Amino acid sequence: MMSRRSVIKSVAAFASLASVGGRVEAAAIPEAPRMTSAATQPPTFPSSGPAYQPVVTLNGWSLPWRMNDGWKEFHLVAEPVTREMAPGMTARLWGYNGTSPGPTIETVEGDKVRVFVTNKLPEHTAVHWHGILLPAGMDGVGGVTQPHIPPNKTFVYEFETKESGSFMYHPHSDEMTQMAMGMMGMFVVHPRDQKFMRVDRDFVFLMSAFRIDPGASLPQVAEMTDFNIWTWNSRVFPGIDPMPARRGDRVRLRIANLSMTNHPVHMHGHHFSVTGTDGGWIPEAARWPEATTDVPVGVIRAIEFVADNPGDWPIHCHKSHHTMNAMGHANRNFIGASQKRDLVKAIGKLAPGYMPMGDAGMADMGEMAMPGPANTLPMMSGEGQFGPAEMGGMFALIKVREDLAANDYRDPGQYQHPAGTVAHEVGTEGANTPEKGGAADAMSPAAGSAGGAHMHHH
Ligand SMILES: [Cu+2]
């Protein structure tokens, strides 16, 4: 059950929106709750209808509804929003009900759903319910299945969510602009049978990318390939909240990709299976174990694992430039070359904004407090218990602990490693080095009973 404290917290976080349209409409249309916080909100347990284990939206929230004569009614408002991507950087995006991505919509298999969509953008829009099987006229493709929704107008969508699974919503009007501005959300349909595909923790997030130049806060919407901010739910590390799990929990992550490139998502410390897509659930016999799964463009991968390995485990995109924040593309590789400060200064005069890579790699830049443009995050940041994390972008931690309460999603802090289980420095005395011949001997086939020979040096 949701704790009393978290109920109060989530209710307090909703600020009601001014009425939409005229007086008559205002009575017929449910209130549109609004969120401005980018913190992960506690799960929203259903107040009516069939019970289910609600999802937790990473750095996000779920949209409350009202029941009206057997219909589950939601109200989405498409509008400009302000989104903190991580402390130190705020972006001016478009989203729904105060946030980008918009709130997660949760329904149950067999629910009759009515979604009101009010357009408060300066241009028309339409909402497509990605992956949900519904009547053609409810598919939300502006110009094709319905007229576009003009600014300041409200449209209504009505359909039955017939199948449980993981879906999305996003505009199908001027898509390139509207998705580049951050308009998207998750749509989760829970099984009516609570035992079917049951998990203890169910996290959802969308992957998207932005082109926001250093110093700017507005995305460049005409960008086709050269994105520089790689986000999970419009957040970048260290702004992405950790995902806590109790040891033994069965955990699901529903990972959607609405960026313009694929993301191979890799998780440490556990093996998982892909159990569902935006086309439905995958039968057990058709699954295989993974440590990385590629999430292509316009796709959802639901992955599941048993959190049986305590620790702080990274989960991240394996494209290494996607676990970094915006960097100047003029960077050159200076590894192995020593840079003279005055040379840097001279180049800086010719090419303002020029920032050289370090001469021993880029690790320097994780620690450097280099004065950058305003509203711009360091390329690599985040602090771990052993030093700088040197990460940005699509990176988060799964925190597996022995002693978490059910439905407690608060950050449990840094993992306390049992004594003797952390990689550590050793003295070099007695270590084999090629100079001494030890390592070479041990590796040569002639070394035969090399174990003994190897030990000899100690
Ligand atoms: Cu990626």
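Starting afresh in each chain, residues are numbered from 1 along the sequence in its written order. In view of the model being predicted, local features appear only for residues whose pLDDT reaches at least 70, and side-chain atom pairs are presented and counted only at 80 or more, with totals across whole chains, interfaces and linings using the full set of residues.

1. A word on the overall build of the protein
Starting at the N terminus, helices and strands are each numbered in turn, a helix being any DSSP run of H or I of at least four residues and a strand any DSSP run of E of at least two. Scanning the protein from terminus to terminus reveals 7 helices and 24 strands. For the protein, the residues scored as buried account for 40% of the 458 residues in total. Counting contacts in the protein only where the partners sit at least 6 residues apart, residues at least 24 apart contribute 72% of the total. Field definition: a residue is buried when 20 or more other C-beta atoms are found within 10 Å of its C-beta, exposed when 12 or fewer are, and partly exposed for counts in between, with C-beta atoms placed from the backbone. Two residues form a contact once the distance between their C-beta atoms, set from the backbone, is within 7 Å.

2. Section: the nonpolar core
Ranked by size, the top nonpolar core spans 91 residues in total, and within it Met168, Phe187, Ile229 and Ile255 carry the most contacts. Filtering out sequence-adjacent residues up to four positions away, Phe187 remains in contact with Ile105, Trp129, Ile132, Phe167, Met168 and Tyr169. Structurally, a nonpolar core is described as a collection of buried Ala, Val, Leu, Ile, Met, Phe, Trp, Tyr and Cys residues joined by way of C-beta atoms within 7 Å.

3. Side note on the sheet that holds strand E10 (residues 185–190)
Should DSSP find at least two bridges between two strands, the strands are regarded as paired. Strand order in this open sheet of 4 strands is E5-E10-E9-E7, and the pairing throughout is mixed. Sheet topology places strand E5 (105–108) and strand E7 (127–130) at the edges, where each strand pairs with a single neighbour. Pairwise comparison of adjacent strand axes, ignoring direction, gives a mean angle of 25° for this sheet. Summarising the sheet, E5 and E10 pair through 4 bridges and their orientation is parallel. From the neighbouring strand, Ile105 faces E10, where its bridge partner is Phe187. Geometry is summarised by axes, namely lines fitted to C-alpha atoms with helices restricted to the contacting stretch, and by angles between N-to-C directions that run from 0 to 180 degrees.

4. Brief notes about unusual backbone geometry
Across the junction of Ser100 and Pro101, the peptide omega takes the value -5°, indicating a cis bond. Structurally, Pro101 is set in the loop between strand E4 (89–96) and E5. Across the junction of Phe237 and Pro238, the peptide omega takes the value 5°, indicating a cis bond. Here Pro238 shows up in the loop between strand E12 (229–232) and strand E13 (243–246). Non-glycine residue Asn233 carries a positive phi angle of around 50°. Relative to the helices and strands, Asn233 resides in the loop between E12 and E13. Residue class for Asn233 comes out buried when judged on the 29 C-beta atoms lying within 10 Å of it. Although it is not a glycine, Ser234 adopts a positive phi angle of roughly 55°. Within the fold, Ser234 resides in the loop between E12 and E13.

5. Looking at the sheet that holds E13
Ordered by their spatial adjacency, 5 strands build an open sheet running E13-E24-E21-E15-E19, and the pairing between neighbours is mixed. Each edge of the open sheet is held by one strand with a lone partner, namely E13 and strand E19 (292–295). Averaged over neighbouring strand pairs, the angle between their axes works out to 20° when direction is ignored. Across 4 bridges, the pairing between strand E15 (residues 263–267) and E19 is antiparallel. Among the inter-strand pairings, Val265 is bridged to a residue of E19, identified as Thr293.

6. Focus on the pairing of E15
Only one face of E15 is buried: it carries His263, Val265 and Met267, and the other face, with Pro264 and His266, is open. In terms of strand pairing, E15 meets strand E21 (residues 311–317) through 3 bridges, oriented antiparallel. If you follow Val265 over to E21, its bridge partner there is Cys317.

7. A word on the environment of Asn59
Position of Asn59 relative to the elements: it lies in the loop between strand E1 (56–57) and strand E2 (66–68). Separated by 19 residues in the primary sequence, Asn59 and Thr40 have C-alpha atoms spaced 3.8 Å apart. Setting aside chain neighbours within four positions, we find Asn59 in contact with Ala38, Ala39, Thr40, Asn233, Arg235, Ile240 and Asp241.

8. Focus: the environment of Val108
With respect to the helices, strands and loops of the structure, Val108 is situated in strand E5. Residue Val108 is classed as buried on the basis of its 20 C-beta neighbours within 10 Å. Between the alpha carbons of Val108 and His190 there is a distance of 4.6 Å; along the sequence they are 82 residues apart. Ignoring sequence-local partners within four residues, the contact set of Val108 consists of Gly49, Pro50, Tyr52, Val189, His190 and Arg192.

9. Description of the confidence of the model for the protein
Confidence scores per residue from the predictor, reported as pLDDT, run from 0 to 100. Taken over all residues, the pLDDT of the protein has a mean of 85, while the share at 70 or more is 78%. With pLDDT under 50 throughout, residues 1–24 is counted as low confidence; its partners more than four residues away or in other chains account for 33 contacts. Within the model, pLDDT remains below 50 along residues 437–458, and this stretch shows 20 contacts once partners closer than five positions in the same chain are excluded.

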